[in-house]
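Topology and contacts: notes
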Amino acid sequence: MAACSIEDLLAKAEQDEAEKLKSITVQKELDLEFDIGNLVAYDKNRIDIRQFREQKKEDFLRSLARDNTQLLVNEIWKHPTERVEEVIVVKLPEPTTPLPREKPPPKPRPPTKWEEFAKLKGIQKKKKTNLVWDDKVAKNELHRLRNIARAQKIKVPGVGLTPIAQQSKSDLARAVNVAKSSTASAGKFQDRLPKEKAPRNTGKKRKFQPVIGNFSNEKQRQLDLLKVMDSKKPRLDVNKAVNKQMREVDREEAAAKFKKGGKKGRKGGNFSGKGKGGGGKGKGKGRAGGKGQGPPSGKKGAGKPGKR
Amino acid sequence: MKQKEGVIKPKTKRAKRFLDNRAPKLTENVKNVMIMKGGNTSMTVTQALKDIYALKKPSAVLYKKKNITRPFEDSSSLEFFSKKTDSSLFLFGSHNKKRPNNLIFGRLFDFHVLDMIELGIEKYNSLSAIKNSKCPEGTKPMLVFAGEAFDHDDDHKRLKSLLTDFFRGPVVPSVRLAGLEHVLHFTALEGKIYMRSYRSLLKKSGCRTPRIELEEIGPSFDFVLRRTHLASDDLYKTAHRQPKALKPKKKKNISHDTFGTKFGRLHMQKQDLAKLQTRKMKGLRKRRGPAAAAEGETSLKTAKVEVE
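Below is a short write-up of the structure. On a predicted model such as this, the values are computed, not experimentally measured, just so you know.

1. Observations regarding the overall build of chain B
Looking only at helices and strands, chain B features seven helices and 13 strands. Counting only residues that meet the buried cut, chain B has 39% of its 308 residues in that class. Restricting to contacts in chain B with at least 6 residues of sequence separation, those with at least 24 account for 66%. Carbon and sulfur atoms make up 54% of the accessible area of chain B, which totals about 19,500 Å².

What follows is the structure, encoded as structure tokens:
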């Protein structure tokens, strides 16, 4: 009994399947040929002319069309589908029927003047390397942006230091100090190494007097300022100016000598320093005048050796 | 690069883009149709042209004026129009006593006529005559060609290719399953070609593939094949030539055998078989025990003998 029922079950299942597929199966003598890429079906079966004449033409054609379309749709549904933006879409293969093109295939374009020249000279295309980071450029950029921020009165948070490729001792020391002070308590509780010295040059860079404080001090200072403005004396420390100028000239000479390889002694530049000193005693413009004279005389000396 | 062979050198980017769109390409644009009227047309012909224009809407141009030309004799004006509108398909409708209700379907290659087939309309039902809801404009139609003639007769074969080219629409990689609404069915029977246009309704069937029911919508034609002007074999071959770049690139070192098994090929360097790492079988290892000791003795003995 059990065996019978299993067989019955299987038979029934097969029947059900057939029923299901009955609605979409179509019986044809010859199978249709399909070109799914173009959504085309070719039916090569013989058409019964008698049936065509007997039946109403339209009905005959419609039933034929329905059968063929059903087969075509069956074939389309066999292809893989995917979901694109809430829409189910079937992926079509490449079209198989060869159809003529609209225009001939494109010809390779003639080489440009440069391409011809490059071929002639044997120049090959060199790929440009990617941009390389440069510390100077980075620093320049940072300062530029900071200037812009300052001009537009935008607040810029203090970021710290720009990284530099070759760091000197002072740079490293400064970096260490910046790192140390960038803690929650601004570096107050950071331990120092045994021989480490306290950082210098910290604190405000400019010092302003309090607005309301020592009135007598302020009064004295303002009176002194007015006195100096009235005095018409040169505000120049002559010694200092002279020493500075002499040092500069010596440096220039040394540089020039080094450049020329020291062929012939520079006589032109020697007496210029003292001359400057004398000129400096003038109105205060002496300094500027001296400076004006210095470089030309140096240049004169440099210009002449050929003739000598 | 603004080099352009031909009369027009583009002066703006927009013009350049326009010309590049019309230039020969690897993968071509959708073929445009130009629909025009001849010297004398009947109501049937004008209505038929309008209906086919509606079918091919986005990629078709319908000319309102009559063109007094005869395509079979002189195709120069056709070629001129095709250059103007960048169309490679045309449909020319005319009516005279000798050839009533005449439609000439044709295609061009490189702006020269490739194929022309003349069909006479014997019976015609227009879109407006059949009162149904139509398919949206621009749906890619499914095409079915039924009848042995499409397979046996040369003229019919060309007609099949021409009609496929005409009605297939843009070539797309995937299609929305619910959007497969439009079916064009061509039947070749007794020297006549019946063209019917249906709207397909996808009904529920037991399984994944739907059952098709058809509803006639669009224009229905009963054509009779009249004159043909088919391209010579070599021109036809040239038109089909595809550029090499479009050929699918063959993957190296992969091959398939007749059973469909996929084989791959690996290229190895030469291996030193002496240093090959194989599985270690503990049992086969040389054992250190009495056997080894005996061997050692014998070797000693032999050594001694030699010395002596």
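2. Notes on the overall build of chain A
On a plain count of helices and strands, chain A comes out with ten helices and four strands. Starting at the N terminus and walking to the C terminus, you meet the elements of chain A as α-β-β-α-α-β-β-α-α-α-α-α-α-α. Across the 308 residues that make up chain A, the buried fraction comes to 18%. Of the contacts formed within chain A by residues at least 6 apart in sequence, a portion of 45% connects residues at least 24 apart. Accessible surface for chain A amounts to roughly 26,300 Å². Of this, 55% is attributable to carbon and sulfur atoms.

3. Observations concerning the pattern of salt bridges
Evaluation of the coordinates by the stated rule reveals 28 salt bridges over all chains. Taking the shortest distance from any N to any O, the salt bridge between Lys103(A) and Asp86(B) comes out at 2.8 Å. Linking Lys103(A) in the loop between strand 4 (87–91) and helix 4 (113–121) with Asp86(B) in the loop between helix 3 (76–85) and strand 3 (89–94), this pair reaches from one chain into another. Exposure class is identical for Lys103(A) and Asp86(B). Each is buried. A salt bridge links Arg70(B) to Glu73(B), with the nearest nitrogen and oxygen atoms 3.7 Å apart. As far as the burial class goes, Arg70(B) and Glu73(B) line up, both exposed. Among the charged side chains, a network of salt bridges with common partners joins Lys31(B), Arg107(B), Asp115(B), Arg158(B) and Asp165(B).

4. Side note on helix 7 (residues 215–231) of chain A
Relative to the 24 Å expected for 17 residues at 1.5 Å per residue, helix 7 of chain A spans 25 Å between its end C-alpha atoms, a close match to the ideal helical length. With its phi angle positive at about 60°, Lys232(A) sits one or two positions after the end of helix 7 of chain A.

5. Description of the packing of aromatic side chains
The full count for this structure, using the stated rule, is 14 aromatic pairs over all chains. Between Phe105(B) and Phe223(B) the ring centres are 6.2 Å apart and the planes differ by 90°, which places this aromatic pair in the edge-to-face class. Here Phe105(B), found in strand 4 (residues 102–109), pairs with Phe223(B), found in strand 11 (residues 220–229); they are 118 residues apart in sequence, far enough to count as distant. A residue is classified by how much of its surface remains accessible, and Phe223(B), at 2% relative accessible area, is buried. Linked through ring pairs, Tyr42(A), Phe105(B), Tyr124(B), Phe145(B), Phe150(B), Phe166(B), Phe167(B), Phe186(B), Phe221(B) and Phe223(B) together constitute an aromatic cluster. Over the ring of Tyr42(A) we find Lys160(B); its NZ or CZ atom is 4.4 Å from the centre of that ring. Residue placement shows Arg227(B) over the ring face of Phe72(B); its charged tip is 4.3 Å from the ring centre.

6. What to know about the nonpolar core
Considering soluble globular proteins, one finds that nonpolar side chains tend to be buried as a cluster. Ranked by size, the top nonpolar core spans 32 residues in total, and within it Phe105(B), Phe167(B), Phe186(B) and Phe223(B) carry the most contacts. Not counting the four nearest positions on each side in its chain, Phe105(B) is found in contact with Ile52(B), Phe90(B), Leu91(B), Asp115(B), Met116(B), Ile117(B), Leu119(B), Leu162(B), Phe166(B) and Phe223(B). Of all hydrophobic cores here, the second largest spans 30 residues; its members include Leu32(A), Ile36(A), Ala65(A) and Tyr194(B).

7. Examining the environment of Lys134(B)
Residue and element names in this part refer to chain B. Its location among the elements puts Lys-134 in the loop between strand 5 (112–125) and strand 6 (142–146). By relative accessible area, which is 31% here, Lys-134 ends up partly exposed. Sequence separation of Lys-134 and Glu-181 is 47 residues, and the distance between their C-alpha atoms is 9.6 Å. Filtering out sequence-adjacent residues up to four positions away, Lys-134 remains in contact with Leu-127, Arg-199 and Ile-217.

8. Examining the interface of chain A and chain B
Taken residue by residue, the interface counts 54 residues in chain A and 72 residues in chain B. Summed over both sides, the interface between chain A and chain B buries roughly 5,800 Å², with carbon and sulfur atoms accounting for 61% of that surface. When the buried area of chain A at its contact with chain B is split by residue, Trp77(A), Arg101(A) and Glu102(A) rank highest and sum to 16% of it. In this assembly, chain A and chain B are joined by seven salt bridges. On inspection of chain A and its partner chain B, the count reaches 29 residue pairs in polar contact (both at pLDDT 80 or more). At the level of elements, helix 1 (2–22), strand 2 (40–43), helix 2 (49–54), helix 3 (57–77) and strand 4 of chain A are the ones that each hand at least two residues to the side of chain A that touches chain B.

9. Some words on the sheet that holds strand 4 of chain A
Spatial strand order, 3(A)-4(A)-7(B): three strands in an open sheet with antiparallel pairing. The open sheet has two free edges, formed respectively by strand 3 (81–84) of chain A together with strand 7 (174–176) of chain B, since each of these has just one partner strand. Adjacent strand axes in the sheet meet at a mean angle of 40°, parallel and antiparallel pairs treated alike. Where strand 3 of chain A meets strand 4 of chain A, four bridges bridge the pair, whose relative direction is antiparallel. The residue bridging Arg83(A) from the neighbouring strand is Ile88(A), located in strand 4 of chain A.

10. Observations concerning the side chain of Glu118(B)
By the element assignment, Glu118(B) lies in strand 5. Not counting chain neighbours up to four residues away, the residues in contact with Glu118(B) comprise Phe72(B), Arg99(B), Asn102(B), Leu103(B), Ile104(B), Val224(B), Leu225(B), Arg226(B) and Arg227(B).

11. Details of the environment of Lys197(A)
Tracing the backbone through its elements, the reader meets Lys197(A) in the loop between helix 6 (169–181) and helix 7. As for Lys197(A) and Ala173(A), which are separated by 24 residues in sequence, their C-alpha atoms are 9.9 Å apart.

12. Some remarks on the environment of Arg66(A)
By the secondary structure assignment, Arg66(A) is in helix 3. Owing to a relative accessible area of 11%, Arg66(A) belongs among the buried residues under this scheme. Once the C-alpha coordinates of Arg66(A) and Val26(A) are considered, the two residues, 40 residues apart in sequence, prove to be 9.7 Å apart. Setting aside anything within four residues of it in sequence, one finds Arg66(A) in contact with Val26(A), Arg211(B), Ile212(B) and Leu214(B).

Conventions and cut-offs
Residues numbered from 1 in each chain as written. Chains lettered and ligands numbered in written order. Predicted model: local features only at pLDDT ≥ 70, side-chain atom pairs only at ≥ 80, totals over all residues. Heavy atoms only, no water. Helix = DSSP H or I, 4+ residues; strand = E, 2+ residues; numbered from the N terminus. Buried < 20%, exposed > 50% of the residue type's maximum accessible area, 1.4 Å probe, protein only. Contact = heavy atoms within 4.5 Å. Areas by Shrake-Rupley, 256 points an atom, 1.4 Å probe, with all protein chains shown as cover. Salt bridge = Lys/Arg side-chain N within 4 Å of Asp/Glu carboxyl O. Expected span 1.5 Å × (residues − 1). Phe/Tyr/Trp six-rings, centres within 6.5 Å; stacked < 30°, edge-to-face > 60°. Lys NZ or Arg CZ within 6 Å of the ring centre and 35° of its normal. Core = buried A, V, L, I, M, F, W, Y, C linked by side-chain atoms within 4.5 Å. Buried area = accessible area lost by both parts, 1.4 Å probe. Polar contact = N/O pair within 3.5 Å; in protein donor to acceptor, adjacent residues only side chain to side chain. Pairing = 2+ DSSP bridges. Axes fitted to C-alpha atoms, helices over the stretch in contact; angles between N-to-C directions.

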